[in-house]
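Fold and geometry: a report
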Amino acid sequence: NVGKLFARMSASPNKNCKRLFTVCIEGNIGSGKTTFLNNFKANDNMLVLQEPVELWRDVGGTNLLEKMYKDPVRYGCLFQSYVQLTMLQLHTQKTNLPFKVMERSVYSARCFIENMKRTKMLEKVEIDILEQWHEWCIQRADIQTDLIVYLRTSPEVVYERMRTRARKEEDCVSLEYLRQVHDVHDDWLYNRSLFSVPAPVMVLDANKSVSEMMAEFEKCRRSIFENRD
Ligand code: DCP
């Protein structure tokens, strides 16, 4: 409930001391996170941090994203371990600006770990270690988040978008895989039946076209500003 969310944000003492306000944009592969995030770049009081996909594609010359998709059993754990590191680097990036908007987070990295656990892609010991890393980050690292924007989509819609954008590493990504990733996100942010949710959640219908999403974006941006200033 967005009304309650902003009532809570307004009541927060943080509003008065103007501590950094962090927003994480979450959603399935192809849900439009990058496009949504790019709109925030027009605001000069926001640090906008895109997901470090380019880093994952070039780890000292190795395309780890590609290796992970080609051989998830061999590279899944290594890839998720690197994702956690690079996301942690974004969370802890310092800024004097009042707002930070991030694509994904250490929190949603857990969704992919959870899916590898559900599908038994990794060994138990690999899951144990990834989960321990994750827990440590949640408990000990400075990754405080104030709002999650969940771009909720249907797997069929994101499958079409993913095929259209044709990122070469994602050639082998099936509709079935997108359904699994959707289910984990939904269990986490919509059904709230999975791991803990670190901040209030604004759920947006991201099946809409780009132009329709602009209206959603404007609503979201205005609400954030109005309830902060
Ligand atoms: N990925 C992954 N494990 C993670 C994070 C991402 O396997 N913990 C993969 C899924 C995608 C690629 O990395 O193949 C990028 O995924 P995102 O959903 O984070 O980014 P998109 O570019 O697909 O987002 P959007 O299309 O919503 O802008």
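This text follows the structure it describes.
Residues numbered from 1 in each chain as written. Predicted model: local features only at pLDDT ≥ 70, side-chain atom pairs only at ≥ 80, totals over all residues. Heavy atoms only, no water.

**Overview of the site of the ligand**
As a matter of local geometry, the ligand sits amid 22 residues, with Glu51, Tyr69, Arg104, Arg165 and Glu170 nearest to it. In the environment of the ligand, an oxygen atom lies 2.8 Å from a nitrogen or oxygen atom belonging to the backbone of lysine 33. One of the side-chain N or O atoms of arginine 165 is found 2.7 Å from an oxygen atom in the ligand. About the coverage of the ligand: the protein hides 98% of its 580 Å² of free accessible area. Of all the elements in the fold, those that place two or more residues in the shell around the ligand are helix 3 (33-38), helix 5 (64-70), helix 6 (72-91) and helix 7 (106-118). Classifying every residue of the shell around the ligand gives nine nonpolar, six polar and seven charged. (Near = heavy atom within 4 Å. Polar contact = N/O pair within 3.5 Å; in protein donor to acceptor, adjacent residues only side chain to side chain. Areas by Shrake-Rupley, 256 points an atom, 1.4 Å probe, with all protein chains shown as cover. Helix = DSSP H or I, 4+ residues; strand = E, 2+ residues; numbered from the N terminus. Nonpolar A, V, L, I, M, F, W, Y, C, P; charged D, E, K, R; others polar.)

**Some words on the pattern of salt bridges**
The full count for this structure, using the stated rule, is 22 salt bridges. Between arginine 165 and glutamate 170 there is a salt bridge, and its shortest N-O distance comes to 2.9 Å. Residue classification places glutamate 170 among the buried positions, given a relative accessible area of 5%. Each of Glu54, Arg57, Glu66, Lys70, Lys168 and Glu169 takes part in a single network of salt bridges with overlapping partners. (Salt bridge = Lys/Arg side-chain N within 4 Å of Asp/Glu carboxyl O. Buried < 20%, exposed > 50% of the residue type's maximum accessible area, 1.4 Å probe, protein only.)

**What about the packing of helix 7 against helix 8 (residues 124-140)?**
Packing of helix 7 against helix 8 leaves a shortest axis separation of 10 Å and a crossing angle of 160°. Between helix 7 and helix 8, the crossing angle belongs to the class labelled roughly antiparallel. As for the relative orientation of helix 7 and helix 8, their crossing is left-handed in sense. Seen from helix 7, the contacting residues are Val106, Tyr107, Arg110, Ile113, Met116 and Lys117; seen from helix 8, they are Ile127, Leu130, Glu131, His134, Glu135, Cys137 and Ile138. Split by residue class, the contact of helix 7 with helix 8 holds eight nonpolar, one polar and four charged. (Axes fitted to C-alpha atoms, helices over the stretch in contact; angles between N-to-C directions. Parallel < 35°, antiparallel > 145°, perpendicular 65-115°, else oblique. Left-handed = near helix turned anticlockwise from the far one by under 90°. Contact = heavy atoms within 4.5 Å.)

**Things to note about the nonpolar core**
Ranked by internal contacts, the top residues of the largest apolar core, which has 44 residues, are Trp56, Leu65, Met68, Phe79, Met87 and Trp188. Filtering out sequence-adjacent residues up to four positions away, tryptophan 188 remains in contact with Glu26, Tyr107, Ser108, Cys111, Ile148, Leu194, Phe195, Ser196, Val197 and Pro198. With 21 residues, the next largest nonpolar core counts Val23, Phe36, Met46 and Val101 among its residues. (Core = buried A, V, L, I, M, F, W, Y, C linked by side-chain atoms within 4.5 Å.)

**A look at the environment of methionine 102**
For methionine 102, the position within the fold is in strand 3 (residues 99-103). Of the residues examined, methionine 102 reaches a relative accessible area of 0% and is grouped as buried. For the pair formed by methionine 102 and arginine 179, sequence separation is 77 residues and the distance between their alpha carbons is 24 Å. When sequence neighbours within four positions are dropped, the list of residues in contact with methionine 102 reads Thr22, Val23, Cys24, Ile25, Leu37, Leu49, Met87, Leu90 and His91.

**Comments concerning the packing of helix 6 against helix 8**
Describing two packed helices takes the angle between their axes plus the distance from one axis to the other. Helix 8 packs onto helix 6 with a crossing angle of 5° between their chain directions and a minimal axis gap of 10 Å. Taken as axis vectors, helix 6 and helix 8 run roughly parallel relative to one another. On helix 8, the residues touching Val73, Cys77, Gln80, Ser81, Gln84 and Leu88 of helix 6 are Glu126, Leu130, Trp133, His134 and Cys137. The class makeup of the residues in the contact of helix 6 with helix 8 is six nonpolar, four polar and one charged.

**Re helix 9 (residues 155-165)**
Along helix 9, the residues that are buried comprise Pro155, Val158 and Met162. Buried residues of helix 9, viewed axially, fall in a sector of 65°; they line one side. For helix 9, the elements touching its buried residues are helix 10 (175-190). Positive backbone phi, approximately 50°, marks alanine 166, located one or two places after helix 9. (Arc of directions from axis to C-beta.)

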